[in-house]
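Structural characterization, general
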Amino acid sequence: MLNNINIAGLSEYANEVKEQNIQGKASYGINLNWESGTKTTVSTKNMILGEHKLIRDFNFTIDEPTQLLGVNSAPNPAEYMLGGMAGCMAVTFMAGATAMNIEINQLQLEIDGELDLQGFLGLNPEINPGFPELKFIFHVQGNGTQEQYERLIERVIMHSPNYNTIKNKVKLIGELKS
Amino acid sequence: MKKSYQGIEEKRKEGDIWFNDLKRKRSQGPTLGTNRYESYNESTKAIHAGQYDDPVTGALGTPIFQCSTFYLNESSYEAIEEGRGRDEMIYTRYGNPSQWSVQEKLSALENAESSIVFSSGMAAISTAILGLLDKGSHVVSSRDIYGGTYNFLYEDLDKYGMSVTFTSPTDIEDIEAAIQDNTKILYFEALTNPLLKITPIEAIVALGKKYNVRVIIDNTFLTPYNVKPLDLGVDLVVNSATKYLNGHSDLIGGTVSGSRKLVDRLWPQMLKNGGSMDPHACFLLERSLKTFALRMRTHNTNALALATYLENHPNINKVYYPGLASHDQHELAKSQLKGKNSGMVSFEIEGGDNNAHTLLKLLKLPKEATSLGGVESLISLPYNTSQASLTKEQQKAIGINDGLIRLSVGVEDIEDLISDFDQAIHSIFKKQPNYA
């Protein structure tokens, strides 16, 4: 299979969703539990894809570096967020490359950003606590052309769910239960 | 449509293609391109569906494609690249015309889009379960299921980080209470062994929909002749083909049928577990299936006649048969099986296991052997075969009473079967039978 991606299966799924939109509905969720200090653990909730449940029996730990009052036992929330975006961009890129019949030998993504903790610390209300910008670099080796890779990155920007969650306005609905 | 890129090669070359451009859709099969028989009745389907007549020699009937591998060509290379190897002949574990032929016949009989044949019923069952489960999944099944399936669920799921809860096969509240947050499959048998309880399929399907979980039914004891679980909304149906489907007690095999989408998901699991069916076994199964409806009609009518005879016999304490008004679930049997019932009969003989053993020795026609669904009647005692791992107390707790006998009624002449039982029971009790 080219790039070890089953493009026939993707084609079948795309056509299934074209005919039955509900099969494209994917609901996700996580539960986070504070452990101690800056350390938390996340467990993934079951997904519903179409009309059926997928069991998501995974969990991971989040921490902060010691300089930011943690014990440096795991990546921090910003790194998970960037990793989640990069993972989504990578799978979108690879599936697209396969659809374009491009064999990819190596794909690496770099994402960098700088935020100002003055926002988090409440020292300056003018400062955005989040990342004002993120830079990403695709390192690609394969049998495609420069132009094809550029088109693929345009497609990633158009279609990657996590990229678009960060790029677009998201409605965040909060609630307190105590 | 076979290829994902059909008609979009130009667009693909230009690099301006996305997933919405891909053309391949799921279709029934895989198929050898034989005629379709969906609109026909059981016997016609059983005879004609899937049969591949060789266009070169004009030989009538599917040849035995006894080969392990196939010439590779442009089309097979393309299929490998695209990941649609199930639709091409590449290697017999992946697919073989003998498999496709019998699979198409099974799909016609099950009203399924797709089927896979396996080297045994347990290969089919374990592949179907593993193929659908995710890491951390849970299965709800019944205590009464076939021992091989029970062992797989009870002894092996653990190793994969999965779990199981066993419930009653008939009590919907009990089944619903066992459903957990990580439950992925409800796995039941359409008719249980050996007490012939009927699983309320439609109620279980409704639970599946309510909790977004899949339903698998093992239909070995009833077969698609007596009930078609897929028509009732079940996701996958599995069978031990060793039993009624083949019907001649001369091969080991299994089947899975369902939507093309789900059966395609089991195919890579089958490749990894390796339980593919040999072409010669496929030939035997396909040939045997031609008489499937014919055999099932006789199994059913013989079983009802024999069950009625046994129920009226003074030395038989109890008869378990869904077609009898005395069966606990006779009303459900009438609606679910539409008067077709089953070829299996269980009964308790007066005098317990001693007399049961004697009866088996005195009978001339039914063979004392495990298994079922053959043209010859087969008879055995559950206490020392299928339920042998349980203590006497445990057996009693699930209704395996002293003297319980399980009978797979064959297609012998019913007069001969009844007179054989008559002489055997008479010899034990040394008195005249009460039937006219």
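Please read these numbers as outputs of a predicted model, since none were measured by experiment.

Notes on the sheet that holds strand β1 (residues 26-27) of chain A
Picture the strands of a sheet paired through backbone hydrogen bonds; they go either parallel or antiparallel. Judged by pairing direction, the sheet is antiparallel, and its three strands sit side by side in the order β1-β4-β5 (chain A) without closing on themselves. Two strands bound the open sheet, and with one partner strand each, they are β1 and β5 (52-54) of chain A.

A look at unusual backbone geometry
With glycine set apart, most residues show a phi of negative sign, and most peptide bonds adopt trans. For the bond running from B:Gly29 to B:Pro30, omega is 10 degrees, close enough to zero to count as cis. Counting through the fold element by element, B:Pro30 comes out in the loop between α1 (9-14) and α2 (42-48). In the segment running from B:Asn193 into B:Pro194, the intervening peptide bond is cis, with an omega of 0 degrees. Although it is not a glycine, A:Asn3 adopts a positive phi angle of roughly 55 degrees.

Quick word on the domain arrangement of chain A
Frequently, the measure chosen for interface size is the accessible area that the parts lose on association. Residues and elements named next belong to chain A. Domain assignment breaks chain A into domain 1 (1-75) and domain 2 (76-178). Centre-to-centre separation of domain 1 and domain 2, based on C-alpha positions: 16 Å. Split into classes, the residues belonging to the side of domain 1 that touches domain 2 amount to seven nonpolar, one polar and two charged.

Brief notes about the interface of chain A and chain B
Each partner contributes residues to the interface: chain A has 28 residues there, and chain B has 28 residues. Taken together, the elements giving at least two residues each to the side of chain A that touches chain B come down to α1 (7-19), β5, α2 (77-99) and α4 (146-159) of chain A. At nine residues, the largest contribution of residues to the side of chain A that touches chain B is made by α1(A). When its residues are assigned to classes, the side of chain A that touches chain B shows 11 nonpolar, nine polar and eight charged.

Digging into the pairing of strand β5 (residues 214-218) of chain B
Residues and elements named next belong to chain B. With five of its five residues buried, β5 lies for the most part within the structure. Alternating residues of β5 divide into Arg214, Ile216 and Asp218 and Val215 and Ile217, and every residue in both groups is buried. In terms of strand pairing, strand β4 (residues 183-189) meets β5 through five bridges, oriented parallel. Across the sheet, the residue bridging to Phe188 is Ile217, located in β5. Crossover connection from β4 via helix α8 (residues 201-211) to parallel β5: handedness right-handed.

What counts, and where the lines are drawn
- Residues numbered from 1 in each chain as written.
- Chains lettered and ligands numbered in written order.
- Predicted model: local features only at pLDDT ≥ 70, side-chain atom pairs only at ≥ 80, totals over all residues.
- Pairing = 2+ DSSP bridges.
- Helix = DSSP H or I, 4+ residues; strand = E, 2+ residues; numbered from the N terminus.
- Domains from an automatic or database assignment.
- Nonpolar A, V, L, I, M, F, W, Y, C, P; charged D, E, K, R; others polar.
- Contact = placed C-beta atoms within 7 Å.
- Buried ≥ 20, exposed ≤ 12 C-beta atoms within 10 Å, placed from the backbone.
- Right-handed = clockwise from strand over helix to strand, strands pointing away.

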